[in-house]
Amino acid sequence: PVAYETYLLLGVDAFENARPQVEAVWLAVLPSDHSTVEVIGLPPALFKEQYNPETGLPISTIEPYLRGAFAGVLVFDRGDIVELTNRLGGVWLAGNQVDGEGLLGFIDSADQNQPREVLTRQAAAVQSVIAKMAASGTRINYVSLFDGASLMLTDRLTLFDAFSQYYPMRTDRVRVRFRDG
């Protein structure tokens, strides 16, 4: 039987802030047969009050959304996202090539009072990064892109081993979706 493990990918505004604010909550679900990756966005507002800059989110807050075992946490701030996107050479988004600042601008242009709109733009950004990784093939070591995470609450070798199973990236093996409630 296929077993699953889930990684929590958090996006915060800036680690320099005394209390960084949660802006994105995504789960990466990896099956033991390495056939696919499911990337699931959750409404950040559900988790804003539970976030701790040193430990991430309490497991109990994301437990209802987990599939299989909880494997670890990666936390990126806005600067990390800009760096990651720029290291990829930018991405195509809504018909335009954008750098990291442009990617954040696209996400930020959503009405922040409309969680579905925010998640839709975040999902488009995630898909554009995945597409760029796939188009880059073996020319880019995308596992090293996780080095940009400001906070990694998981065993580094385990994380790299899990994600290296998907190298080179293929878009037909990745499903991006979100839950807006």
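Residues numbered from 1 in each chain as written. Predicted model: local features only at pLDDT ≥ 70, side-chain atom pairs only at ≥ 80, totals over all residues. Heavy atoms only, no water.

A. Here's a closer look at the packing of aromatic side chains. For the structure shown, the criterion picks out one aromatic pair. With a centroid separation of 6.1 Å and an interplanar angle of 70 degrees, the aromatic rings of Phe 47 and Tyr 65 are classed as edge-to-face. Taken together, the residues span a long stretch of sequence, with Phe 47 in the loop between strand E3 (37-42) and helix H1 (59-62) and Tyr 65 in the loop between H1 and strand E4 (69-77) at a distance of 18 residues. In this pair, the class of Phe 47 matches that of Tyr 65, namely buried. A cation over a ring is seen here: Arg 67 above Tyr 4, with NZ or CZ 3.8 Å from the ring centre. Here the basic side chain of Arg 121 rests over the ring of Phe 106, its NZ or CZ set 4.4 Å away from the ring centre. (Phe/Tyr/Trp six-rings, centres within 6.5 Å; stacked < 30°, edge-to-face > 60°. Helix = DSSP H or I, 4+ residues; strand = E, 2+ residues; numbered from the N terminus. Buried < 20%, exposed > 50% of the residue type's maximum accessible area, 1.4 Å probe, protein only. Lys NZ or Arg CZ within 6 Å of the ring centre and 35° of its normal.)

B. Here's a closer look at helix H3 (residues 100-108). Listing the buried residues of H3 in full gives Gly 100, Leu 103, Leu 104 and Ile 107. Buried residues in H3, looked at end-on, bunch into an arc of 95 degrees, giving them a common side. (Arc of directions from axis to C-beta.)

C. The pairing of strand E2 (residues 22-31), seen in detail. Burial within E2 is extensive, with nine of its 10 residues counted as buried. For strand E1 (residues 4-12) and E2, the ladder comprises nine bridges, and the chain directions are antiparallel. Of the residues in E2, the one forming a bridge with Thr 6 is Val 29. As judged from the five bridges shared by E2 and E3, these two strands associate in the antiparallel manner. Bridge pairing in E3 places Ala 28 opposite Val 39. What sits between E2 and E3 in their antiparallel hairpin is a turn of five residues, with His 34 showing a positive phi close to 55 degrees. (Pairing = 2+ DSSP bridges.)

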